[in-house]
Amino acid sequence: MPAETCSICDRALDLHNRHVRFTLPDPVVDTPANELAAGSWMSHASARESVMMQVPNLGAFVRALLPVALQDGYRVTFGVWVGIHPAELRSVFDAWWRPEYRDLRLTGRLANAIPPWGLLASPVDAEVHDDQHTPYCHRSDDPLLDRVLHDEWPHTLVLDALTGSGRPGCGE
Ligand SMILES: [Zn+2]
């Protein structure tokens, strides 16, 4: 049976609710060796599983979810890295696996470019909506990123950008 297609954009409906998870922060991907420097620390065995990392000369990064609403109730959720002040990593780490995780607030800068907008290094705030998920990006002082977080977007704009992004370290 053929997959159901969207009446708005004609794509398969199962392409509309997606999770796109960046393996590494873009500044780490863009280092010449494209690998973690000596002295790096990650919360788990691999970058893909990790929720926090610290990389010499690049800083401290924490995972967050960045939901983008598409018209008609669909949603693409990006699993991004947020660069935080390295001095705050310890308190994030201390709260992460404890009940106080619910009250965790992150203020930092987006460490991945979000297709099609980009927005790498834009300021962003994240908070916990569900203690089984990483924090959610919910607002930004950058007007475009704030719109990305609160507006509804055309299917074609977002889904085309995902198809075209051959960036390493970005998968589902
Ligand atoms: Zn569609």
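Reference entry: report on the structure contained in this document. (Residues numbered from 1 in each chain as written. Predicted model: local features only at pLDDT ≥ 70, side-chain atom pairs only at ≥ 80, totals over all residues.)

**Considering the overall build of the protein**
So, step 1. Per the secondary structure count, the protein includes four helices and ten strands.
So, step 2. Order of helices (α) and strands (β) in the protein, N terminus to C terminus: β-α-β-β-β-β-α-β-β-β-α-β-α-β.
So, step 3. Against the compact-globule benchmark of 16 Å for 172 residues, the protein has a radius of gyration of 16 Å, which places it among compact chains.
So, step 4. Expressed along its principal axes, the backbone C-alpha trace of the protein runs to roughly 50 × 35 × 35 Å.
So, step 5. Within the span of the protein, comprising 172 residues, buried residues form 27% of the whole.
So, step 6. Within the protein, contacts between residues separated by at least 24 positions form 55% of all contacts whose residues are at least 6 apart in sequence. (Helix = DSSP H or I, 4+ residues; strand = E, 2+ residues; numbered from the N terminus. Rg over C-alpha atoms; globule rule 2.2 N^0.38 Å. Buried ≥ 20, exposed ≤ 12 C-beta atoms within 10 Å, placed from the backbone. Contact = placed C-beta atoms within 7 Å.)

**With respect to the environment of histidine 44**
So, step 1. Assignment of secondary structure puts histidine 44 in the loop between β2 (41-42) and β3 (52-55).
So, step 2. When sequence neighbours within four positions are dropped, the list of residues in contact with histidine 44 reads Glu49 and Ser50.

**Topic: unusual backbone geometry**
So, step 1. Here the residue pair proline 115 and proline 116 is connected by a cis peptide bond, since its omega of 0 degrees sits within 30 degrees of zero.
So, step 2. Summarising the element assignment, proline 116 is placed in the loop between β6 (105-110) and β7 (123-127).
So, step 3. With a phi close to 70 degrees, leucine 119 is a non-glycine residue in the positive phi region.
So, step 4. Tracing the chain through its elements places leucine 119 in the loop between β6 and β7.
So, step 5. Residues other than glycine seldom take positive phi values, yet alanine 121 does so here, at roughly 75 degrees.
So, step 6. Along the chain, alanine 121 turns up in the loop between β6 and β7.
So, step 7. Judged by the 16 C-beta atoms lying within 10 Å of it, alanine 121 falls in the partly exposed class.

**Quick word on the pairing of strand β4 (residues 59-70)**
Note on strand geometry: in a regular strand, side chains alternate between the two faces of the sheet.
So, step 1. Bridge analysis of β3 against β4 gives four bridges, and the strand direction is antiparallel. Following the sheet pairing, methionine 53 is matched in β4 by phenylalanine 61.
So, step 2. Hairpin remark: β3 followed by β4, antiparallel, with three residues in the connecting loop; positive phi at asparagine 57, about 70 degrees.
So, step 3. As paired strands, β4 and strand β5 (residues 74-84) are joined by eleven bridges and run antiparallel to one another. For valine 62, the partnering residue across the bridge sits in β5 and is valine 82.
So, step 4. Hairpin remark: β4 followed by β5, antiparallel, with three residues in the connecting loop; positive phi at aspartate 72, about 75 degrees.
So, step 5. Relative to strand β9 (residues 152-153), β4 runs parallel, the two sharing two bridges. Directly across from leucine 70, in β9, lies its bridge partner tryptophan 153. (Pairing = 2+ DSSP bridges.)

**Notes on the nonpolar core**
Soluble globular proteins: nonpolar side chains tend toward being buried together.
So, step 1. One finds Phe61, Ala64, Leu66, Val68, Val80 and Val82 to be the most contacted residues of the largest nonpolar core, which totals 33 residues.
So, step 2. Looking at this core, the elements with two or more residues in it are β3, β4, β5, β6, β7, α3 (143-150) and α4 (155-164). (Core = buried A, V, L, I, M, F, W, Y, C linked by C-beta atoms within 7 Å.)

**Description of the environment of histidine 150**
So, step 1. Here histidine 150 shows up in helix α3.
So, step 2. Measuring from C-alpha to C-alpha, the distance between histidine 150 and leucine 24 comes to 25 Å, with 126 residues separating the pair along the chain.

**Observations regarding the pairing of β6**
So, step 1. Summarising the sheet, β5 and β6 pair through two bridges and their orientation is antiparallel. Its bridge partner lying in β6, valine 82 is registered against leucine 110.
So, step 2. Pairing of β6 with β7, which is carried by five bridges, proceeds in the antiparallel orientation. Residue arginine 105 lies in a different strand from β7, and its bridge partner there is glutamate 127.

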